[in-house]
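Descriptive structure summary
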Amino acid sequence: MSKDLKNNSQKSSHDVSFETRMIHGESLTQAWDFSKPLIPPVSSSTTFRLGSVERGAAGFQSFASEKFNDDPIWIYDRLDDPNALMLENQLAKAEGAETAVTFGTGMAAIAGSILTLCKQNQEVLCHKTIYGCTFSLLKNWLPKFGIQGKFVDLTQGCEEFITDKTRIIYFETVSNPDLEIIDIESIAAITRKLNINRSDEDKILIVIDNTFPTPCGAQPLRLGADLVIHSLTKNISGFGTEMGGVVIGAKRFETSLKLARKDFGAVLHPHAAWDINVHGLPTLYLRNKQQQQNALQIAQFLEAHPAVKSVKYPGLESFKFFNMAQKVLRNAEGEFNPGYMISFELHDAEKHTTAFVNHVAEHSYSITLAVSLGLTKTLIELPNYMTHAAVDEQHKTDFKFDPFLVRLSVGLENANDIINDLKAALP
């Protein structure tokens, strides 16, 4: 270890704020020698020199073991690489966790975590409203492996829905697209009680998709979740240039998650890991702060507009889950963080919604008709026909899915420009 690196090892990130820690990371890491380059170089090699049979054997023996991060032996990019490890260290810190395992996409992270935790004849108890592709995974694909998804309204509690087969309780911190917020602490208390008489492989685990709030807006592990998932493609990357996913939690989950990632081939590309670590995380706090300020101003405008029937935004006192948002949507410093996602419905929605969104698509400068979310640019979409098209009609009917709900992901533009574009398009 160089003299400079030894000196840097005396510096600690434990007593600094979230935004500073996301910019500087750890001053000492085994993933790279930070004593010389200010910005970590990107590694582009798919395979690494081993030097001897003994070193190669030691590398394979240590892969996905508790010793790996202490002195990693780089072998092959699908196992681990320096860029991913640096990003994982940062993301674990951001969520106050022991470990993080990156994946190639958010859906790969969701599928990898469920397949890692579940065995045949177990079930995932899932909130009724989730991202459309997650619904499709639970409804169409996991049953082929003997894992069933059961959809319920978790805002009403969970105990009555839990059975001996329940292995995972899965939901989003802020549900997509109707922004419902579930009491994490209450569900965690119930699972702790029920787990007393369950074996380790049957204990109920709480897995939460924290993509909407990001670690800036919610810390589910501190409230009792076992694992947190992010689509890194969204706000954490932030610029619409990279795809990725991550599963964050206790060290005891790391080995199985890394082995699953290796065998599924769901690896985050080194360039994506580097870009998110160098550009996404250092700007996350500032982007989130500005997006949130914009979102509150836009939500207040929409709420007051005569053409708008209802607005769902966690920062509005009129929001059904406002009190729960005050409890759940807290950043690492404990400050309320209602986020940048807004959903709303127009009066006479069947008549006006499509024309409204089409007007935005054709004439708006600051708002773009596109899926995804959390980017620097403001995006608008109709979930029923786009991101949630995979949700079957029976499910939508059973749980009163609003077919004309408009979803708005607020970006970094001037809020007045966004409002003016909305004003021009509203009937």
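Look a little higher up for the structure.
Just so it is clear, the structure is predicted and the values come from calculations on it, not from any experiment.

Some points on the nonpolar core
In this structure, Leu 302, Ile 342, Phe 344 and Phe 356 are the most contacted members of the largest nonpolar core, which totals 78 residues. Here this core gets eleven residues from one element, more than from any other, and that element is helix H11 (residues 270-304). Apart from the residues lying within four places of it in its own chain, the contact partners of Phe 344 are Leu 302, Val 308, Ser 310, Val 311, Phe 356, Phe 404, Leu 405, Val 406 and Leu 408. Of all hydrophobic cores here, the second largest spans 29 residues; its members include Ala 111, Ile 114, Leu 142 and Phe 151.

Thoughts on the sheet that holds strand E6 (residues 227-231)
Read across the sheet, seven strands follow the order E1-E7-E6-E5-E4-E2-E3 without closing on themselves; strand pairing throughout is mixed. Bordering the open sheet on either side are strand E1 (99-103) and strand E3 (147-152), each of which pairs with just one other strand. Across the sheet, the axes of successive neighbouring strands diverge by a mean angle of 20 degrees, strand direction being ignored. Two strands pair when backbone bridges link them, and strand E5 (residues 205-209) and E6 are joined in this way by three bridges, in the parallel orientation. The residue of E6 that forms the bridge with Asp 209 is Ile 229. Contacting strand E2 (122-127), E3 and strand E4 (166-172), helix H6 (residues 132-141) crosses the sheet at an angle of about 130 degrees to E3.

Let's talk about the sheet that holds strand E10 (residues 367-369)
Adjacent strands of a sheet form backbone hydrogen bonds with each other and so pair up, either parallel or antiparallel. In space, the five strands of this open sheet follow the order E8-E9-E12-E11-E10, with mixed pairing throughout. The sheet is open, and its two borders are formed by strand E8 (308-312) and E10, each paired with just one other strand. Neighbouring strand axes in the sheet, compared pairwise and without regard to direction, differ in orientation by 25 degrees on average. Relative to strand E9 (residues 341-346), E8 runs antiparallel, the two being bridged by four bridges. Within the sheet, the bridge partner assigned to Lys 312 lies in E9 and is Ser 343. Across the sheet, H11 lies against E8, E9 and strand E12 (406-409), angled at about 10 degrees from E9, the strand it touches most. Contacts from helix H13 (residues 349-363) reach E9, E10, strand E11 (378-381) and E12 within the one sheet, and its direction differs from that of E9 by about 130 degrees.

A closer look at the packing of H13 against helix H15 (residues 415-425)
Running from N to C, H13 and H15 point in directions that differ by 130 degrees, and their axes come no closer than 9 Å. Put simply, H13 runs oblique to H15. Regarding H13 and H15, the two cross each other, and that crossing is right-handed. Residues Phe 356, His 359 and Val 360 of H13 touch H15, and the partners they reach there are Leu 422, Ala 424 and Ala 425. Class assignment for the residues of the contact of H13 with H15 results in five nonpolar, one polar and no charged.

Cut-offs applied
Within each chain, residue numbers correspond to sequence positions counted from 1 in written order. Two thresholds apply to this predicted model, a pLDDT of at least 70 for residue-level local features and 80 or more for giving and counting side-chain atom pairs, whereas whole-chain, interface and lining totals are computed over all residues. In computing side-chain properties, one takes all heavy atoms of the structure into account and sets aside hydrogens as well as water. What is meant by a nonpolar core is a set of buried Ala, Val, Leu, Ile, Met, Phe, Trp, Tyr and Cys residues, joined one to another through side-chain atoms within 4.5 Å. Only protein chains enter the area calculation, which uses a 1.4 Å probe; residues under 20% of their type maximum are buried, those over 50% are exposed, and those in between are partly exposed. Counting from the N terminus, the helices are the DSSP runs of H or I reaching at least four residues and the strands are the DSSP runs of E reaching at least two. Contacts: residue pairs with any heavy atoms within 4.5 Å of one another. Here, strands pair whenever DSSP counts at least two bridges between them. The axes used here are C-alpha line fits, helices contributing only the stretch in contact, and every angle between their N-to-C directions lies in the interval 0 to 180 degrees. Angles below 35 degrees are treated as roughly parallel, those above 145 as roughly antiparallel, those between 65 and 115 as roughly perpendicular, and all remaining angles as oblique. Crossings are assigned a handedness: left-handed for a near helix turned anticlockwise from the far helix by less than a right angle, right-handed for a clockwise turn. Note on residue classes: Ala, Val, Leu, Ile, Met, Phe, Trp, Tyr, Cys and Pro are nonpolar, Asp, Glu, Lys and Arg are charged, and everything else, Gly too, is polar.

By themselves these figures say nothing about function.
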